[in-house]
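Architecture and fold: a report
As a plain string of letters, each chain reads:
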Amino acid sequence: MSALLQERQQPITAPRLRDRVAAQRATPRASARHQPAATVPNCPVEAPRARWRVMLGSIVATLREWRRRSVARRELANFDARMLRDIGVDPGMVDYEMRQSFWRPLRDWRD
């Protein structure tokens, strides 16, 4: 039983062409590189769906952020001069923000 456990812990290596030729001449047990297919390492494998979920989630989050920035710039452009004075923003700053692309973050004008 312990021999089976020891074989299972050995990593699997892909045989090279010259190893295949040597394996044809020798018995499979005599070849040092050839291992039976049953010796699969006991390590967890991440499911491909989980990686796709993470990638799609980050894409969706990025698109939502871009949409939020676009809406915020549009709302800022709709403020009148009195509202801009109340929040402490110059109309020139609003023009600058409106020229920025949606993927650029909004500038913090409170500095």
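Summarised in this report is the structure supplied together with it. (Residues numbered from 1 in each chain as written. Predicted model: local features only at pLDDT ≥ 70, side-chain atom pairs only at ≥ 80, totals over all residues. Heavy atoms only, no water.)

**As for the overall build of the chain**
Helix and strand counts for the chain come out as five helices and zero strands. Of the regular secondary structure in the chain, the N- to C-terminal order runs α-α-α-α-α. Counting only residues that meet the buried cut, the chain has 9% of its 111 residues in that class. Long-range contacts, defined as pairs at least 24 residues apart, comprise 54% of the intrachain contacts of the chain with a sequence gap of at least 6. Taken as a whole, the chain presents about 9,900 Å² of accessible surface, with 57% of it coming from carbon and sulfur. (Helix = DSSP H or I, 4+ residues; strand = E, 2+ residues; numbered from the N terminus. Buried < 20%, exposed > 50% of the residue type's maximum accessible area, 1.4 Å probe, protein only. Contact = heavy atoms within 4.5 Å. Areas by Shrake-Rupley, 256 points an atom, 1.4 Å probe, with all protein chains shown as cover.)

**A short note on helix 3 (residues 48-78)**
Counted at 1.5 Å a residue, the expected span for helix 3 with its 31 residues is 45 Å, and the 46 Å between its end C-alpha atoms agrees. Along helix 3, the positions that sit buried rather than exposed are R69, R73 and L76. Looking at the buried side of helix 3, the elements it contacts are helix 4 (81-87) and helix 5 (91-99). (Expected span 1.5 Å × (residues − 1).)

**A short note on the packing of aromatic side chains**
A full pass over the atoms with the stated rule returns two aromatic pairs. Seen in terms of ring centroids, F102 and W103 are 4.9 Å apart; in terms of plane orientation they differ by 80°. Their pairing is edge-to-face. Aromatic rings pair up to connect W66, F102 and W103 into one cluster. (Phe/Tyr/Trp six-rings, centres within 6.5 Å; stacked < 30°, edge-to-face > 60°.)

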